[in-house]
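Each chain is listed here by its residues.
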Amino acid sequence: MRMQDSRVAVYAGSFDPITNGHLDLLDRALKIFDNIIIAVAENPAKKPLFTLDERLELIRASLLTHAEPNRIQVDSFQGLLVDYVERTGAVAILRGLRAVSDFEYEFQMALMNRKLSRKPETMYLMTGARWIYISSRIIKEVVQAGGCVTGLVPEAVEHKLQTKFRP
Ligand code: PNS
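Cut-offs used in this document
Residues numbered from 1 in each chain as written. Predicted model: local features only at pLDDT ≥ 70, side-chain atom pairs only at ≥ 80, totals over all residues. Heavy atoms only, no water. Core = buried A, V, L, I, M, F, W, Y, C linked by side-chain atoms within 4.5 Å. Buried < 20%, exposed > 50% of the residue type's maximum accessible area, 1.4 Å probe, protein only. Helix = DSSP H or I, 4+ residues; strand = E, 2+ residues; numbered from the N terminus. Contact = heavy atoms within 4.5 Å. Near = heavy atom within 4 Å. Polar contact = N/O pair within 3.5 Å; in protein donor to acceptor, adjacent residues only side chain to side chain. Areas by Shrake-Rupley, 256 points an atom, 1.4 Å probe, with all protein chains shown as cover. 1 Å grid on protein atoms, 1.4 Å probe; cavity = no way out; pocket = protein on both sides within 12 Å on 5 of 7 lines; lining within 4 Å. Sits in = over half its atoms within 2 Å of the grid points. Nonpolar A, V, L, I, M, F, W, Y, C, P; charged D, E, K, R; others polar. Arc of directions from axis to C-beta.

Caption draft 1: A look at the nonpolar core. Judged by nonpolar contacts, the single largest core of 33 residues is most densely connected at Leu 26, Ile 36, Ile 59, Leu 63 and Leu 94. Every element with two or more residues in this core is listed here: strand 1 (8-13), helix 1 (20-29), strand 2 (35-41), helix 2 (52-62), strand 3 (72-77), strand 4 (92-97), helix 5 (136-144) and helix 6 (155-165). Ignoring any residue separated from it by four or fewer positions in sequence, one finds Leu 26 in contact with Tyr 11, Ile 36, Ile 38, Leu 63 and Ile 72. Counting residues in hydrophobic clusters, the runner-up holds 13 residues, among them Val 10, Tyr 84, Ala 90 and Ile 93.

Here you go:
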């Protein structure tokens, strides 16, 4: 999907699964960019809990009531992120930054992406304070151990997690 005459950012990640922290970042990024493409990495090496189709479906379900659905696309990619970004015509890669612990990995990734392509800039938004302790990994861990994640993930995600761990 290539869009011209608009400032597009690619919000890339595993989204295994999408959380309210991701959605908060998306809403804030929509104040800066005209359009955002949520790009789910296939990344078979990562062994995600949810299949690619499930992750895409959960993102779409989480956006059903979004106020500006026309400005958001949901897509997936294989291979290098910078190659995907170039195909879309996006000007930026969007990532969220939580605590200092995220920094090293994100810095490495941003520099590697810049080495691979000078075109897109990686832009970081600080995660909203309400969501600072949330990650997809910790959400999965909590549900698997029987804990409650209501209010931390979209309803569709909470439901899917429960059926995954307690079928
Ligand atoms: O949500 P995640 O798992 O932290 O997202 C990481 C992701 C998918 C953005 C990153 O692994 C990625 O870009 N993968 C695609 C392969 C690639 O381009 N690798 C080089 C970037 S360092």
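Caption draft 2: Here's a closer look at the site of the ligand. Taken together, 14 residues lie around the ligand, and Ser 14, Lys 46, Leu 81, Arg 95 and Met 109 are the ones closest in. A distance of 2.8 Å is found between an oxygen atom of the ligand and a backbone nitrogen or oxygen belonging to Leu 81. Between an oxygen atom of the ligand and a side-chain N or O atom of Arg 95, the distance comes to 2.9 Å. For the ligand, whose accessible area on its own is 550 Å², the fraction buried by protein is 78%. Taken atom by atom, the bulk of the ligand overlaps the largest pocket. With 4 residues, the top contributor of residues to the shell around the ligand is helix 4 (residues 100-116). Residue composition of the shell around the ligand, grouped by class: 7 nonpolar, 5 polar and 2 charged.

Caption draft 3: Spatial organisation of helix 5. Of all the residues in helix 5, the buried ones are Ser 136, Ile 139, Lys 140 and Val 143. Considered in projection along helix 5, the buried side chains sweep an arc of 95° and stay on one side of the axis. Where helix 5 is buried, its residues touch helix 1 and helix 6. Within two residues after helix 5, Gly 146 carries a phi angle of roughly 95°, on the positive side.

Caption draft 4: Representation of unusual backbone geometry within the structure. Along the chain, Asp 16 connects to Pro 17 via a cis peptide bond; the corresponding omega equals 0°. Backbone geometry at Phe 15 places phi at a positive 45°, although glycine is not the residue there. When you line up the elements, Phe 15 lands in the loop between strand 1 and helix 1. A residue is classified by how much of its surface remains accessible, and Phe 15, at 3% relative accessible area, is buried.

Caption draft 5: A look at helix 6. Every buried residue of helix 6 is listed here: Val 157, Glu 158 and Leu 161. Along the long axis of helix 6, the arc covered by the buried residues comes to 100°, so they all point the same way. Among the exposed residues of helix 6, those pointing more than 90 degrees away from its buried face are Glu 155 and His 159.

It is worth stressing that arrangement in space is one thing and function is another; only the former is reported here.
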